[in-house]
Amino acid sequence: MRKTLLGLTFLVGQACWAQTAAYPVTTEPSDPSRPARALEKGNGYKAGLTDVLLHIDPSFDGDRVPKILGDEKVRHAVIMPVPNEGTGNRNDAGTIQKIALAQAQPKQVKVMCAGDYLSNWLADAMRYGLVESAVQQKFARLEADLDSGRCLGVGEFGLFHFNKKGDQNIIQNRYDHPLVLRMVDAIGTRGAWIQLHAEPREPNGRSHEKELWDTLQNWTQRQPKLRIVLSHTGMTSATNARRILETFPNVYLSIKLMSTKVSSWTHLEPLLNEDGALFEDWAQLMEAMPERFMVGTDSKFGQSGHEGVGEEAYDKTVHRYRRMLGSLAPEAAKRIAAQNANRLFGFKGTPQESDPAD
């Protein structure tokens, strides 16, 4: 399959392809003026949704979550810490809170754990050295969370997280560091998930696309049962995303609807043009491989007023997804909206997309 993929590279005129055959990826940003789908008028897609990337701040009242989701016909959600939730004392309060919420709402909510107590801690361990007692404590907690059945896996784990807004903590974890591989082994041997935040380009333009490819290649060869969700469609181009999906069958993409108008995102790869319409290359990829995409709003309940990502903006966020899904072929829209996530994460017990109630 790799020969076939590499054989396509001559069709891409101005792309800056990696020099070695091991990396069938481009580091050249996409053209922001390329074609896009017409925006769907009205509400677009109307059936139930599943949100596989939802953050709840540890201070947020979890009792409010079911109504907020229900009001928008979001039938299910996978909640998890943000990669930087564990800064400061690197505690696991966020994971504890989210597990409690899922236990209170088992049909509606499932959890990815450990992003708060692993992402920054691992990055710091690489910079400053290890304390063996801390290593044992962290991995004992990870294995207990995974073995308990309370967690689908680890998320949102920060592999590369750069300072996009001027006030963010930087995370750079080496994918082949012994502790990172120990984490991957703990997840993979259990056939569990990792939701991975890996920004493939720094704000200064430096590319990490090859490192992302190396990560996926190394981890999936090492642990064939490991299942990976790349947050925000990997923040890479549709061209690279296609090659990732064709090469790594256990990799899925969650969709975050960022546009070229968001200044903190323009060095990455937004899915929408400045008018809020889905770029045509992404639309065609979603329709060609609809079983590999899921909705992941990246909303952050409890962070109200911050770029419209809090709970007060969730209705507008979901509305944008419905418009986007309405511009896709109906069968692809159904899979992406909920069917893929419900099947992969085992959600049951609420109306399905074909239910007359929808």
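Caption draft 1: Examining the packing of helix 6 (residues 178–188) against helix 7 (residues 209–222) more closely. It is at 10 Å that the axes of helix 6 and helix 7 come closest, and there the two elements cross at 50°. Classified by the angle between their axes, helix 6 and helix 7 sit oblique to one another. When you trace helix 6 past helix 7, the crossing you get is right-handed. Residues Val180, Leu181, Val184 and Asp185 of helix 6 form the contact with helix 7, whose participating residues are Asn218, Trp219 and Arg222.

Caption draft 2: Highlighting the packing of aromatic side chains. This model, assessed by the stated rule, comprises six aromatic pairs. Residues Trp193 and Phe345 carry aromatic rings whose centres are separated by 4.9 Å and whose planes lie at 65° to one another, so their mutual orientation is edge-to-face. In this pair, Trp193 sits in strand 6 (residues 193–198) while Phe345 sits in helix 11 (residues 330–345), placing the two residues 152 residues apart along the sequence. Pair check on accessibility: Trp193 and Phe345 agree, each one buried. An aromatic cluster of three or more residues is present, and its members are Phe60, Phe301 and Tyr314. Its end group placed over the ring of Phe347, Lys110 keeps NZ or CZ at 5.5 Å from the ring centre.

Thresholds, definitions, all that
- Residues numbered from 1 in each chain as written.
- Predicted model: local features only at pLDDT ≥ 70, side-chain atom pairs only at ≥ 80, totals over all residues.
- Heavy atoms only, no water.
- Axes fitted to C-alpha atoms, helices over the stretch in contact; angles between N-to-C directions.
- Helix = DSSP H or I, 4+ residues; strand = E, 2+ residues; numbered from the N terminus.
- Parallel < 35°, antiparallel > 145°, perpendicular 65-115°, else oblique.
- Left-handed = near helix turned anticlockwise from the far one by under 90°.
- Contact = heavy atoms within 4.5 Å.
- Phe/Tyr/Trp six-rings, centres within 6.5 Å; stacked < 30°, edge-to-face > 60°.
- Buried < 20%, exposed > 50% of the residue type's maximum accessible area, 1.4 Å probe, protein only.
- Lys NZ or Arg CZ within 6 Å of the ring centre and 35° of its normal.

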